[in-house]
Amino acid sequence: MTILLRGGTVITQDSDRRVFRGDVFIQDGVIIHIEEKCSRVADVVIDARDKIVIPGIINSHVHLGESVYMPMIASRLPLDEYLQQTESLASRNSKYVEGSRDIVAGYTLAQHVRSGVTTLAGGRTAAVAERYGVRNVSGYMLMNYGKLGKYSTGIEEQFENELRMHSSSLTSHALFIHSLATVGPSELSVAQKLLDRHPECRLMAHIAETRDIVTRVREHYGSSELDTLDRYGFLNDRFLAVHACYLAPSELRRLRDSGAYVAHCLTSNMASSSRTLDRQDMSALGDARVLATDGVVTSGTFSLLEEASYGYRYHNRYAAQDWLTAQQVLDEITIKPAKALGLDGITGSIEVGKRADIVVLDLGVTTSIDSAVRQLIHYAQTVSIQTVIIDGAIVLFE
């Protein structure tokens, strides 16, 4: 199948951050030509004039199944209370919660795609993402109690089975440590063994989300979270730390220097934690940070694009000029999470040879080449999105 996107303002997100007005030609899921004017004939022609064309948005941390709790739980709770309530609801309504997960996960996935997400990462995403043709990094959950405790028995066998069951080109795999406070040395040793065996797999973990978790981990292991991770060989460029709200700037620099990334979940942290990353923290991380929504119950949104717009305003509040630029924010939802997830060879930018993960938006305002990125971050909303293409397949078209 061939697709021609004609006449759009194309924000490539390539190494030069090139923006131009022209055409993008796709053949069999691959970007073949990026030109000011393409003369090729295509099976499908999409008129992108007066619209913005961007790489597909990459949400590096989501909880698809937790949307089941939306009608049952308040959205603004301290993390410990939120986890206690979800555990209680899961134990009292186990058939409903587990039986509804696939339906809810599918609904949540559809909302993310509707908001321009073409790749997402989180716990147990493979089955539903493959069903609907969405690129994903599926985390095998490690948590040795409660609703996810069953995944911490026979970890090797279960994980290998997961790799066999979900071998689609759209799916990459990871181990997902719910928290160092909810696993022990035996689980970490198995994780180390599996990551050595499967160098293509990543590691994701909630890290230093609350002050209480930091204290519990130190009591549990006799060392800090970063020292514990380092002892098992996890501090490297295959590691995505989520939250990191209570790491000191020196610890954030240590993460950055190891090659790891941090997923910054701003609105979720504002609802369920007692702090979020500030400018000093962001500066310490440098380029090693990406934006993510987390679960909708805590963040209140499915839209990473709208989260990015809010984050841009939040981190620039009271500033006479941009401290965080619109370009940096766009990087944090496209090319940088692609790098963090090991997918930058196939997605995250519009470049010849990459898979066609592309979004077309109509901002409803006149857009120039020079102002396209800033206008995107300022004005884009979910309703702006008109076309979503994943791996060369049109999954949304208005």
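Predicted model, so just to flag it, every value in this text is computed and none were measured.

A few points about the overall build of the protein
Part 1: Looking only at helices and strands, one finds 15 helices and 16 strands in the protein.
Part 2: Computed over its C-alpha atoms, the radius of gyration of the protein comes to 21 Å, within 12% of the 21 Å expected for a compact globule of 398 residues.
Part 3: The C-alpha extent of the protein, read off along each of the three principal axes, is 65 × 50 × 40 Å.
Part 4: For the protein, the residues scored as buried account for 60% of the 398 residues in total.
Part 5: Considering only contacts in the protein between residues 6 or more positions apart, those separated by 24 or more positions represent 71%.
Part 6: Of the roughly 15700 Å² of accessible surface on the protein, 49% is carried by carbon and sulfur atoms.

Notes on a nonpolar patch on the surface
Part 1: On the surface, Met1, Ile394 and Phe397 cluster together into a nonpolar patch covering about 300 Å² of accessible area.
Part 2: Residue position: Ile394 is located in strand β16 (residues 393-397).

Description of the pattern of salt bridges
Part 1: Counted according to the given criterion, the structure contains 21 salt bridges.
Part 2: The shortest N-O distance in the salt bridge between Glu156 and Lys193 comes to 3.3 Å. On the criterion of sequence distance, the pair formed by Glu156 in helix α4 (residues 155-165) and Lys193 in helix α5 (residues 185-197) is long-range, its members being 37 residues apart.
Part 3: Taking relative accessible area as the criterion, Glu156 reaches 26% and is therefore assigned partly exposed.
Part 4: The class of Lys193 is partly exposed, set by a relative accessible area of 42%.

Some remarks on the environment of Leu277
Part 1: Structurally, Leu277 is set in the loop between α9 (266-272) and α10 (279-285).
Part 2: We classify Leu277 as buried; its relative accessible area is 0%.
Part 3: Placed 258 residues apart in sequence, Leu277 and Val19 show a C-alpha to C-alpha distance of 30 Å.

What to know about the packing of helix α12 (residues 304-315) against helix α15 (residues 372-379)
Part 1: In the contact formed by α12 and α15, the axes pass within 7 Å of each other and the chain directions differ by 100°. By the criterion of interaxial angle, the relationship of α12 to α15 is roughly perpendicular. Facing α12, whose interface residues are Ala308, Ser309, Tyr312 and Arg313, α15 presents Arg374, Ile377 and His378.
Part 2: Residue classes in the contact of α12 with α15 are distributed as three nonpolar, two polar and two charged.

Some words on the sheet that holds strand β7 (residues 117-123)
Part 1: As summarised here, the arrangement of the eight strands in space is β6-β7-β8-β9-β10-β11-β12-β13, forming an open sheet in which the pairing is parallel. Looking at strand neighbours, the two that pair on one side only are β6 (57-62) and β13 (289-291), the edges of this open sheet. With strand direction ignored, the average angle separating the axes of adjacent strands in the sheet is 25°.
Part 2: When strand β8 (residues 135-142) meets strand β9 (residues 171-177), the two strands line up parallel, connected through seven bridges. By the bridge assignment, Ser138 is partnered in β9 with His173.
Part 3: The strands touched by α5 are β8, β9 and β10 (202-207); relative to β9, the strand with the most contacts, the crossing angle is about 155°.

A closer look at the environment of Asp331
Part 1: Mapped onto the elements of the fold, Asp331 is located in helix α13 (residues 326-331).
Part 2: Residues Asp331 and Leu235, 96 residues apart in the sequence, show an inter-C-alpha distance of 23 Å.

Observations regarding the pairing of strand β1 (residues 2-11)
Part 1: Most of β1 sits inside the fold, with nine of its 10 residues counted as buried.
Part 2: Taken together, the eight bridges between β1 and strand β2 (residues 19-27) define a ladder with antiparallel strand orientation. Across the sheet, Ile11 pairs through a bridge with Val19, a residue of β2.
Part 3: One ladder, built from four bridges, connects β1 with strand β4 (residues 44-47); its direction is parallel. By the bridge assignment for β4, Leu4 is matched with Val45.
Part 4: For β1 and strand β5 (residues 52-55), the ladder comprises two bridges, and the chain directions are parallel. Residue pairing for β5: Val10 is matched across the bridge by Val53.

Digging into the nonpolar core
Part 1: In terms of nonpolar packing, the biggest core is built from 98 residues, with Ile11, Ile207, Phe239, Leu255 and Leu361 touching the most fellow members.
Part 2: If you look at the next biggest cluster of nonpolar residues, it comprises 16 residues, including Val24, Ile26, Ala356 and Val360.

A word on the environment of Ile207
Part 1: The residue Ile207 is located in strand β10 in this model.
Part 2: In the structure, Ile207 is positioned 37 residues away from Ala244 in sequence and 5.1 Å away in space, judged by C-alpha atoms.
Part 3: Those residues in contact with Ile207, other than ones at most four positions away along the chain, are Leu180, Glu225, Leu229, Phe239, Ala241, Val242, His243, Ala244, Cys245 and Leu247.

Things to note about the packing of α4 against α5
Part 1: In contact at an axis separation of 10 Å, α4 and α5 are set at 35° when each is read in the N-to-C sense. α4 and α5 meet at a crossing whose hand is right-handed. Taken together, the residues of α5 that come into contact with α4 (itself represented by Ile155, Glu156, Phe159 and Glu160) are Glu187, Val190, Lys193, Leu194 and Arg197.

Parameters and conventions
Residues numbered from 1 in each chain as written. Predicted model: local features only at pLDDT ≥ 70, side-chain atom pairs only at ≥ 80, totals over all residues. Heavy atoms only, no water. Helix = DSSP H or I, 4+ residues; strand = E, 2+ residues; numbered from the N terminus. Rg over C-alpha atoms; globule rule 2.2 N^0.38 Å. Buried < 20%, exposed > 50% of the residue type's maximum accessible area, 1.4 Å probe, protein only. Contact = heavy atoms within 4.5 Å. Areas by Shrake-Rupley, 256 points an atom, 1.4 Å probe, with all protein chains shown as cover. Patch = residues over 30% accessible without salt bridge, like charges linked within 9 Å, V, L, I, M, F, W, Y side chains within 5 Å. Salt bridge = Lys/Arg side-chain N within 4 Å of Asp/Glu carboxyl O. Axes fitted to C-alpha atoms, helices over the stretch in contact; angles between N-to-C directions. Parallel < 35°, antiparallel > 145°, perpendicular 65-115°, else oblique. Nonpolar A, V, L, I, M, F, W, Y, C, P; charged D, E, K, R; others polar. Pairing = 2+ DSSP bridges. Core = buried A, V, L, I, M, F, W, Y, C linked by side-chain atoms within 4.5 Å. Left-handed = near helix turned anticlockwise from the far one by under 90°.

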